[in-house]
Amino acid sequence: MRAVNGDEEGTADNVYQEMDEMLECETGSLVGRVTDLERQSLAQRDEIVCLRATLADALRRIAQLEGRDRREDDRIDRRADRSLSSPIRNGHVPQRSSPAAGSQKDLRLRQSSVTSYRHSSGSSLDIRDSAASPRRPSSYTPPSQLPQRRSVHYQSTGSLHSDSPSSSSVSPVPSPSPRATPLPVSRSLSTKIIGPPQSSSLRRAKRWSSTGDFIHPPPSPGGTTQLTSPRLSTSTKSLFNLFKPSALSNVKHGTRSMQYNEEEGTITMYLRGRPVLLFPPTPFMESYDLHKVSTPPQSKLKLDWVYGYRGRDCRSNLHLLPTGEIVYFVAAVVVLYNPEEHSQRHYIGHTDDVKCIAIHPNKLLVATGQVSGTDRRDALPHIRIWNSVSLTTNHIIGTGEFDGSICCLSFSKADGGNLLCAIDETSDHNISIWDWQKGDRGMKLTETKCSVDTVVCAEWHPLERNQIVTCGKAHISFWSLDNGGMLYKRMGVFENRDKPKYVTCVAFNQNGDVLTGDSNGNIIVWARGTNTISRLVRNMHDGSIFSMCVLKDGTVVTGGGKDGRILHFDASLNLTGEEAQIEGHFGGIRTVSEGRGTQLLVGTTRNCILVGDLEMGFNPAVLGHTDDVWGLAAHPTLPQFATAGHDRLLQMWDSLSHSVVWSKDIGEQAQSVCFSPDGTVMVVGCVSGKCLAIDSETRELYTHHSDGSEPLQVVRFSPDGSLLAIGSRDNSIYIYQVNEDATKYSRVGRCMQNRTRGRRVKSMGHSSFITHLDWSVDSQYLRSNSGDYELLYWNPGICRQIPKSSVLRDVDWSTHSCIISFETIGVWPEGADGTDINNCTRSGDGKLLATGDDFGKVKLFSYPACQPKSLFHVYAGHSSHVTNVSFLQDDTRLVSTGGNDTSVLQWVVN
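Basis of the calculations
Residues numbered from 1 in each chain as written. Predicted model: local features only at pLDDT ≥ 70, side-chain atom pairs only at ≥ 80, totals over all residues. Heavy atoms only, no water. Helix = DSSP H or I, 4+ residues; strand = E, 2+ residues; numbered from the N terminus. Contact = heavy atoms within 4.5 Å. Areas by Shrake-Rupley, 256 points an atom, 1.4 Å probe, with all protein chains shown as cover. Pairing = 2+ DSSP bridges. Axes fitted to C-alpha atoms, helices over the stretch in contact; angles between N-to-C directions. Core = buried A, V, L, I, M, F, W, Y, C linked by side-chain atoms within 4.5 Å. Buried < 20%, exposed > 50% of the residue type's maximum accessible area, 1.4 Å probe, protein only. Patch = residues over 30% accessible without salt bridge, like charges linked within 9 Å, V, L, I, M, F, W, Y side chains within 5 Å. Salt bridge = Lys/Arg side-chain N within 4 Å of Asp/Glu carboxyl O. Lys, Arg positive; Asp, Glu negative; His and termini not counted. Charge placed at Lys NZ, Arg CZ, Asp CG, Glu CD. pLDDT = per-residue confidence, 0-100. Polar contact = N/O pair within 3.5 Å; in protein donor to acceptor, adjacent residues only side chain to side chain. Phe/Tyr/Trp six-rings, centres within 6.5 Å; stacked < 30°, edge-to-face > 60°. Disulfide = S-S within 2.5 Å.

Turning our attention to the overall build of the protein chain. A tally of helices and strands in the protein chain yields four helices and 61 strands. Long-range contacts, defined as pairs at least 24 residues apart, comprise 53% of the intrachain contacts of the protein chain with a sequence gap of at least 6. By element, 48% of the accessible surface of the protein chain is carried by carbon and sulfur atoms, the whole surface being about 39700 Å².

Here it is as structure tokens:
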């Protein structure tokens, strides 16, 4: 019996053991099937997202085509109506009379003497002709290689205060020879007559001092447009208006206490309490009235192209949308760039530097966070959630809630993106969770301190609901959000392994494990649901791993910030042998993301974007500057321009193909640049006081000279090319004689401060650094501005100041870059600091004046802006001081450069 019982017990044990083995096998099989289902679910979700995005893009294009057809039909109908309502008599179409016709005729007669002034264009007068068609060399033909699939999407109103803060542009396909790129077909503008302010409109002018909109009514059958009286506009969603007592328009003006001496024909204006004596041209002396209002120009600007990328100090800011567009940011602009069509669209809703970006799981919505600006009313840190197809703003979150700039953003993934995580750059680096869909401003669920150390990354777990991972200086944290809205933190445990100085990036493999890269070049695997290390892969890179990207096939790509290497690993983190080396002049690798097919998108620390793969290598798609850009010059005959900055780069750009013609490291920090009159030679003024003459085609250095040890603020060739003027920060202007081909230079003299002796000792010359220079048309005279708000005139042939400035009141000036002059009175807002306006430029046809200021704004005035109340259009895009502005050779485009934002913006003049 005992033997039988023993056999039975042994059999039972074997059965239990087999059952345990079967259960373990079934459990393992079940876990594997669940993992496979999760992968399939993610893959199907990605496919659905791509289909939705493709459908949205197709609907957008269809709506655009329908709208274009409708506009064309309306235009044809209007033409037909005009032809029916205006019978031809004796070969002439009779003009329709208007009640103001007689008064306008009288005004034309009264102002005839004033309009004889060469560059007046009537902006300060009561009547003004519209801009003529831009000048264009006859050898250029209309472009024939424009892509046909996409033309213009959601055009910008050109102002920060538009309802749809967006713009778009399409460029011709870059040609092998950008210099032969054809110019665009110019559009002639119909003549527009603007009625004058009433003679008794001093009260109205003061009412205009408050900001308001000029509302343009629909065009009359006669084709003229009347500018009506201003009224305040409240139909704007811009954050700019949330802290203003009234809505701001893109047309503004400032007033100033000025004095006009009719007997002497002098105007005295004040900058920071210092009087500046100006002499109006003779045609203006009799009719000049301080109470007139200079009208804004009929022309407006639209953002055409943004050159540059912010990779020097931002991470995870390069993403591919299902539409094939690459989304990134620079300055205050978020760029959507299509590399196949070589076109850009722009989201311009932000008021200051964009610092971080996150893509919603549906791949349609984008969240971007901005820094805290200098003007707390207009640039409070906040988050904007917007549609990447229509470029409309859906939500503005956190206005007044964040104490510092927003450095990290991430949408939740496992629940479809219902929540948004944000981290600000305060001393405690607070982490906050937002239910962003509740209302226009969202609802903050919770907020707590994240870390006293720097935080560089925050990501939601793609498979675990309510799980967040943050990392930064010497730490990694695993967060859990409970149902009550409370956040709980577990710090990552490094045990006895070497603790890195920085945990620099986070990614998730397909099993849900957390992968991190650190400053030691190591890859660490943190098991799913734990805060402990399960695997350490040492010394994969020489220096920090700035980015990790898990591809759709489960393999992993890493990018080194110091060694510039891109390494490819399989799903088990074993090297596959595929790697790429980024050329050193592009910088280290800041971010890597997955592109189309096998392509990778690479953002670098020197503000470049590269596109390519590990097999074929990488080519630059976006190039930019890495430090303040101060030098800007338009080519005199080609649609090209040059920029130079403190990053020692001199770059030539083509405005039509939107590409870099060439780039050269000149070995010196550059402060200014100019072209010779024929465009064959460029002269670069450097911070060290050195001046370089370089061939604009071959980049050959012809010669160099040193003028002191201070920065050369401005360089200018005379119109006839015989002289070169160099304005230095040592308060002097250096004059050089130039040979015929502009390859050799000999110093004529130095215009500097000196004192005359006699009964009275009188100081001559500038007592502060030179800021701006202009040559007269005949190359006989030179005028200059300085840092202490002086306007002086010079005889450059003998390097002597002309003390009696009144004798030069009627001189025609070849350029207009001097910000202190009679023609620029109206660019100075009320109470302005003398340093608020950095630069100005006049269009070649003498009708427009553009300025760049310390507040990141580009403004467009009618030229001359000689009235204290001069209305203008204002445009945002830069997030730092605008260092320079310049019209291109045919006046169809304007280029502006930024200081700390290192950006170059190109605008179309409409």
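From this point, the narrative continues.
So, on to the sheet that holds strand E61 (residues 904–909). Taken in spatial order, the four strands of this open sheet run E7-E61-E60-E59, and their pairing is antiparallel. In this open sheet, the two edge strands, each paired with only one partner strand, are strand E7 (301–307) and strand E59 (882–887). In this sheet, neighbouring strand axes are inclined to one another by 25° on average, regardless of whether the strands run parallel or antiparallel. In this sheet, E61 lies alongside E7 in antiparallel orientation, the contact comprising six bridges. Paired with Leu301 across the two strands is Val909, which belongs to E61.

Bringing the nonpolar core into the picture now. Core analysis: the largest hydrophobic core is formed by 36 residues, its most contacted members being Leu301, Tyr328, Phe641, Leu894 and Trp907. Residue contributions to this core peak at five residues, all from E7. Counting 33 residues, the second largest nonpolar core, distinct from the first, contains Leu278, Leu849, Cys866 and Phe872.

Strand order across the open sheet formed by three strands is E3-E4-E5, with antiparallel pairing between neighbours. At either end of the open sheet lies a strand with only one pairing partner, and these are strand E3 (259–261) and strand E5 (274–278). Neighbour to neighbour, the strand axes of the sheet diverge by 25° on average, direction disregarded.

Turning to its location among the elements, Ala634 is positioned in strand E36 (residues 629–634). Taking the C-alpha atoms as reference points, Ala634 and Val885, separated by 251 residues in sequence, lie 9.7 Å from one another. Contacts of Ala634, omitting those with residues within four sequence positions, involve Gln640, Phe641, Phe675, Ser886, Phe887 and Leu888.

Before going further, it helps to examine a negative patch on the surface. Together, Glu18, Asp20, Glu21 and Glu24 line one region of the surface with negative charge. Inspection of the secondary structure puts Asp20 in helix H1 (residues 2–85). Using a relative accessible area of 43% as the deciding quantity, one classes Asp20 as partly exposed.

This paragraph deals with the confidence of the model for the protein chain. Overall, the predicted model of the protein chain reaches an average pLDDT of 81, with 77% of residues at or above 70. Low confidence marks residues 82–164, where pLDDT is under 50. Its contacts with residues over four positions away, or in another chain, come to 197 contacts.

Moving on, we get to the side chain of Asn509. In this structure, Asn509 sits in the loop between strand E24 (503–508) and strand E25 (514–518). Here the side chain of Asn509 touches Asp513 through a polar contact of 2.8 Å, landing on its backbone nitrogen. Residues in contact with Asn509, not counting those within four places in the same chain, are Leu515 and Val550.

Structurally, Asp890 is set in the loop between E59 and strand E60 (893–898). No salt bridge is formed by the buried Asp890; the nearest opposite charge belongs to Arg893, separated by 4.9 Å. Within the local environment of Asp890, its side chain forms a polar contact with the side chain of Thr892, the two groups lying 2.8 Å apart.

Enumeration over the complete set of coordinates arrives at 17 aromatic pairs. Centre to centre, the rings of Phe284 and Phe822 are 5.4 Å apart; their planes meet at 70°, and the pair counts as edge-to-face. Placement of the pair is Phe284 in helix H4 (residues 282–285) and Phe822 in the loop between strand E53 (800–801) and strand E54 (837–842), with a sequence separation of 538 residues. As far as burial versus exposure is concerned, Phe284 and Phe822 are alike and both buried. When the ring of Tyr875 is compared with that of Trp907, the centres are 5.8 Å apart and the planes differ by 55°; the resulting orientation is tilted. One end of the pair, Tyr875, is in strand E58 (residues 872–875); the other, Trp907, is in strand E61, with 32 residues separating them in the sequence. For the pair Tyr875 and Trp907, one class covers both residues: buried. Put simply, the rings of Tyr260, Phe284, Tyr288 and Phe822 touch in pairs and so form one group of aromatic residues.

Glancing now at the pattern of salt bridges. Applying the stated criterion to the full structure yields 21 salt bridges. One salt bridge connects Glu325 with Arg345, and the closest N-O pair in it is separated by 2.9 Å. Placement of Glu325 in the loop between strand E8 (319–320) and strand E9 (326–330) and of Arg345 in strand E11 (residues 343–347) is noted, with a sequence separation of 20 residues between them. Both residues of the pair, Glu325 and Arg345, belong to the buried class. Measuring nitrogen to oxygen at the nearest pair gives 3.1 Å for the salt bridge that ties Lys444 to Glu401. Of this pair, Lys444 sits in strand E19 (residues 443–449) while Glu401 sits in the loop between strand E15 (393–397) and strand E16 (406–411), and the two are 43 residues apart along the sequence. One network of salt bridges, in which partners are shared, links Arg274, Asp788 and Glu790.

Note: most residues except glycine have negative phi, and most peptide bonds are trans. Along the chain, Tyr863 connects to Pro864 via a cis peptide bond; the corresponding omega equals 0°. On the secondary structure map, Pro864 appears in the loop between strand E56 (858–862) and strand E57 (869–870). Here the phi dihedral of Ala742 falls at roughly 60°; this positive angle occurs in a residue that is not glycine.

What follows is about a nonpolar patch on the surface. Nonpolar side chains collect at one region of the surface, where Val15, Tyr16 and Met19 lie side by side and expose about 300 Å² of accessible area between them. Mapped onto the elements, Tyr16 comes out in helix H1. Residue Tyr16 is classed as exposed on the basis of its relative accessible area of 52%.

Further remarks concern the environment of Ala832. One can find Ala832 in the loop between E53 and E54. Residue classification places Ala832 among the buried residues on the basis of a relative accessible area of 7%. Along the chain, Ala832 and Tyr270 lie 562 residues apart, while their C-alpha atoms are 9.7 Å from each other.

The topology assignment puts Glu47 in helix H1. For the pair formed by Glu47 and Pro322, sequence separation is 275 residues and the distance between their alpha carbons is 9.9 Å.

Right, let's get into the pairing of strand E41 (residues 681–686). Strand residues, when the strand is regular, have side chains that alternate between the two faces of the sheet. Across the six residues of E41, six count as buried, placing the element largely inside the fold. Note that strand E40 (residues 670–675) and E41 share five bridges and pair antiparallel. Bridged to Val673 within E41 is Val684. Counted along the chain from E40 to the antiparallel partner E41, the turn is five residues long, and its residue Gly679 has a positive phi close to 80°. In the sheet, E41 pairs with strand E42 (residues 690–695) via five bridges, with the strands oriented antiparallel.

The pairing of E36 with strand E37 (residues 640–645) spans five bridges and is antiparallel. Each residue of the ladder has a partner; that of Ala634, found in E37, is Phe641. Hairpin connection, E36 to E37: the antiparallel pair is bridged by five residues.

With that out of the way, let us pick up the state of the cysteines. A complete count under the given rule lists zero disulfides for this structure. There is no disulfide at Cys408, and the cysteine sulfur nearest it, in Cys407, is 3.9 Å away. For Cys408, a relative accessible area of 5% puts it in the buried group. For the unlinked cysteine Cys457, the closest cysteine sulfur is that of Cys471, found at 4.6 Å. Residue Cys457 is classed as buried on the basis of its relative accessible area of 7%.

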